[in-house]
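# Tertiary structure, described
Single-letter residue listing:
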Amino acid sequence: MDSLTDNPSIGLKLLKNLSPQSEKGTPQYYTRKLKHFLQLQIEQLAAQSQIQWTRVVYQDPQMSGQQVLEASQMPFSFAKETLAYLQTEGWLANVSSALALKPIDSGTIEKGFYYCPFGESSQPNQYLLLFAKGPLSHTHRQFIKRTAASINEYLDEHQQNWQHRQKIQILEHLVQRVGHQLRHPLGLISLYAHNLSRLLPNSKEQEQASVICKTAHSLNQTLTEIVQCASSKKLQIVPQDLRSLVYKTLEEFQGWISEKDLQVCCADRTLILKLDPLQIKQAISNLLSNAIHFSPQGAKIFIDWQEQQGDVLLTLRDEGPGLSSEDLQKLFKPFYTRRSEGTGLGLAIAQKVVLDHGGKLWARNAPKKGAEFSISLPQLIPSIDLLEDNAAC
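Residues numbered from 1 in each chain as written. Predicted model: local features only at pLDDT ≥ 70, side-chain atom pairs only at ≥ 80, totals over all residues. Heavy atoms only, no water.

### Regarding the pattern of salt bridges
So the rule is basically this: Think of a salt bridge as a Lys or Arg side-chain nitrogen and an Asp or Glu carboxyl oxygen that are within 4 Å of each other. Buried residues are those whose accessible area, probed at 1.4 Å on protein chains only, stays under 20% of the maximum for their type, while exposed residues exceed 50% and partly exposed ones sit between those limits.
According to the stated counting rule, one finds 10 salt bridges in the structure shown. Two residues, Lys 111 and Asp 105, come together in a salt bridge whose shortest N-O distance is 3.9 Å. Using a relative accessible area of 63% as the deciding quantity, one classes Lys 111 as exposed. By relative accessible area, Asp 105 is classed as exposed at 57%.

Structure, rendered in structure tokens:
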């Protein structure tokens, strides 16, 4: 008899080994996070009294070939013929619908094997496989289907996040290249405008030269911020009060807020989490800039944050015109904008920052009016040494 698992008594020890330890935002981190989630799901299945062994076969776009994880209650083995038949995956040819739990009917292997293929949007040949002693009860079947649905959803999300990160990587290279190409001409414009403003007598022409100089300086600062934010530098993670970070961001926009007579309704609760303050502040700033721009005169902007299932959810809502169907599809694509003076990079950069923190950024139309943007960030970052955290606090 040959074992289907390298270590049949996987138990919770393997779960600990799979805890995400890689630096956040790296491909290794997301791969380990996926393994951790999948291992937890199949171990929960294997803990059921009727289920003796489980296997999940999946595709990770960051790795080549099929990936396999297994779990069982105790050392478990099968006949060589059974192992060979399962590895051929010939029984998958009869798949008719996704997330349907079906027995493997074959005279080649013993009764008790069930499989559940994942959704059509997933990569091919991804499935849940298990062995049960005796017929599965209705309760067990429902539990297996719910687990398969959770795995399928997570795999799709992992695939989408990978695609986002690929696009962001292209954006990083593009921003760095454009930044390098623009830096020199901006410097020349600033220098010549500055010299003109000094040489010209007090006149309209001198004022215009001064405006050109100030504008070039402002553009250079903006370019520096974009290049820095789009760079792949390591996150400077520290414990940070989210309330303080939001309020500092609001202070920078106070002139614009007063000019449009806007009322900002902001939460006033302290919430400490670990993040890179400069980068997250940039992401919030980009969202707030859009909210102010699209808000009508005298409108309200709502900012709130709260703990939610181990994460921190920050929402920013305005009372503007809301988002069109095209907006919802293209919001986070580089250079897409509805602002005449916009670069189309603000939301793409904000998404990149949030993804680097292992979080999510999404948008929707608010229930009554306006647009609502949400940032979800993990409250704990495993790569930070706990002893150092205690010292910092």
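Additional details are given in the paragraphs that follow.
### Quick word on the nonpolar core
Convention followed: To form a nonpolar core, buried Ala, Val, Leu, Ile, Met, Phe, Trp, Tyr and Cys residues must be joined to one another through side-chain atoms within 4.5 Å. The helix and strand labels rest on DSSP assignments: H or I over at least four residues marks a helix, E over at least two residues marks a strand, and numbering proceeds from the N terminus. Contacts are assigned to residue pairs that have any heavy atoms within 4.5 Å of one another.
In terms of nonpolar packing, the biggest core is built from 46 residues, with Val 246, Leu 288, Ile 301, Ile 303, Trp 305 and Phe 373 touching the most fellow members. Looking at this core, the element that brings in the most residues is helix H8 (residues 277-294), giving seven residues. Not counting the four nearest positions on each side in its chain, Ile 301 is found in contact with Leu 262, Gln 263, Val 264, Cys 265, Leu 288, Ala 291, Ile 292, Ser 295, Leu 316, Arg 317 and Asp 318. In this structure, Phe 37, Ile 51, Leu 101 and Ile 151 belong to the second largest nonpolar core, which totals 24 residues.

### Let's talk about a nonpolar patch on the surface
The condition is simple: Grouping into patches uses exposed residues only, defined as over 30% relative accessible area, and leaves out salt-bridged ones; the cut-off is 9 Å for like charges and 5 Å for nonpolar side chains (Val, Leu, Ile, Met, Phe, Trp, Tyr). Computed with a 1.4 Å probe, the accessible areas rest on the Shrake-Rupley method; for each residue, only the protein chains presented here act as cover.
A cluster of nonpolar side chains, contributed by Leu 174, Val 178, Leu 182 and Phe 335, occupies part of the molecular surface with about 320 Å² of accessible area. Within the secondary structure, Leu 174 sits in helix H4 (residues 138-199).

### Structural notes on the sheet that holds strand S6 (residues 113-117)
Inclusion rule: A pair of strands is considered paired only if DSSP assigns at least 2 bridges between the two. Angles shown run from 0 to 180 degrees and are taken between the N-to-C directions of axes, each axis being a line fitted to C-alpha atoms and, for helices, limited to the stretch in contact.
One open sheet holds the five strands; their spatial order is S3-S2-S7-S6-S5, and the pairing between them is antiparallel. Two strands close off the open sheet at either side, each with one partner strand: strand S3 (66-72) and strand S5 (102-103). As paired elements, strand S2 (residues 51-59) and S3 share seven bridges and run antiparallel to each other. What sits directly across from Gln 59, in S3, is Gln 66. Contacts from helix H2 (residues 27-46) reach S2, S3 and strand S7 (127-132), with the element oriented near 35° to S3.

### Focus on helix H3 (residues 80-88)
Given 3.6 residues to a turn, an α-helix orients residues that are three or four positions apart in the same direction. Defined as follows: The reported arc concerns the directions from the helix axis to the C-beta atoms and nothing else.
Buried within H3 we find Thr 82, Leu 83, Tyr 85 and Leu 86. The buried residues of H3 occupy an angular sector of 165° when the element is viewed end-on, so they sit on one face. Summarising the geometry of H3, the exposed residues directed more than 90 degrees from the buried face are Lys 80, Glu 81, Gln 87 and Thr 88. Glu 89 occupies a position one or two residues after H3 and carries a positive phi of about 60°.

### Some points on the packing of H4 against helix H10 (residues 346-356)
Axes are the key here: two packed helices are described by the angle between their axes and the distance separating the axes. We apply this condition: The scheme is simple: roughly parallel for angles under 35 degrees, roughly antiparallel for over 145, roughly perpendicular for 65 to 115, oblique for anything else. Crossing handedness is read from the near helix: turned anticlockwise from the far helix by less than a right angle, it gives a left-handed crossing, and turned clockwise, a right-handed one. The residue classification treats Ala, Val, Leu, Ile, Met, Phe, Trp, Tyr, Cys and Pro as nonpolar and Asp, Glu, Lys and Arg as charged. All others, Gly included, are polar.
Where H4 meets H10, the axes come as close as 10 Å, and the angle between the chain directions of the two elements is 120°. As the angle between them shows, H4 and H10 are arranged oblique. Crossing handedness for the pair H4 and H10: left-handed. The residues of H10 that touch H4, namely those facing Asn 161, His 164, Arg 165, Ile 168, Leu 171 and Glu 172, are Ala 348, Gln 351, Lys 352 and Leu 355. Considered class by class, the residues forming the contact of H4 with H10 number four nonpolar, three polar and three charged.

### Digging into the side chain of Ser 285
The residue Ser 285 is located in helix H8 in this model. Note on Ser 285: relative accessible area 13%, which makes it buried.

### Quick look at the environment of His 293
Looking at the secondary structure, you find His 293 in helix H8. The class of His 293 is partly exposed, set by a relative accessible area of 25%. If sequence neighbours within four positions are ignored, His 293 has contacts with Trp 256, Lys 260, Arg 339 and Glu 341.

### Considerations on unusual backbone geometry
With a phi close to 60°, Glu 89 is a non-glycine residue in the positive phi region. Looking at the element boundaries, Glu 89 is found in the loop between H3 and S5. Its identity as a non-glycine residue notwithstanding, Asp 261 has a phi of 55°, on the positive side. One can find Asp 261 in the loop between helix H7 (254-259) and strand S9 (263-266). Judged by relative accessible area, which is 53%, Asp 261 ranks as exposed.

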